[in-house]
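Chain by chain, the residues run as shown.
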Amino acid sequence: TSATPLMWAIALLLPRDAGRLNVLLGGVLAGVSVAFKLSNAPIAVALPLLLLQSPASWRDRVRRLVVFALASLSGYVCAYLPWGLQLYRAYGNFYYPIHPLDML
């Protein structure tokens, strides 16, 4: 289930001339997938390589990379924030319940 958004992100970014909406939605879906399961991150980090194969100019490629990165970050934060706050309130750490931050 956690890989479904990542597969959709790949499908949206596969066309060489992926539009801005595809890049934006693909970034959000990649971020959501990483929020669901952190082990999807290496694949999500490799997704910008698909954007570099675009026939557009370098300026457009960099813009798409920035849009993808910001969309991924926002998708991750929006999907993980409710769960991360629950973990923090209950255990004192956003990711690892057995290692509270106040013990450091």
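All values derive from a computational prediction rather than experimental measurement.

J.: Could you give an account of the overall build of the protein chain, naming the residues involved and the relevant values?
T.: Looking only at helices and strands, the protein chain features five helices and zero strands. In the protein chain, the succession of α and β elements from N to C terminus is α-α-α-α-α. Projected onto its principal axes, the C-alpha positions of the protein chain cover 50 × 30 × 20 Å. By the burial criterion, 33% of the 104 residues in the protein chain qualify as buried. Put simply, the protein chain shows about 6,900 Å² of open surface, and 70% of that area lies on carbon and sulfur atoms.

J.: Talk me through a nonpolar patch on the surface; I want residue IDs and the actual numbers.
T.: Together, L73, V77, L81, L85, Y88, F94, Y95 and Y96 line one region of the surface with nonpolar side chains, adding up to about 740 Å² of accessible area. Structurally, L81 is set in helix α5 (residues 58–91).

What counts, and at which threshold
Residues numbered from 1 in each chain as written. Predicted model: local features only at pLDDT ≥ 70, side-chain atom pairs only at ≥ 80, totals over all residues. Heavy atoms only, no water. Helix = DSSP H or I, 4+ residues; strand = E, 2+ residues; numbered from the N terminus. Buried < 20%, exposed > 50% of the residue type's maximum accessible area, 1.4 Å probe, protein only. Areas by Shrake-Rupley, 256 points an atom, 1.4 Å probe, with all protein chains shown as cover. Patch = residues over 30% accessible without salt bridge, like charges linked within 9 Å, V, L, I, M, F, W, Y side chains within 5 Å. Salt bridge = Lys/Arg side-chain N within 4 Å of Asp/Glu carboxyl O.

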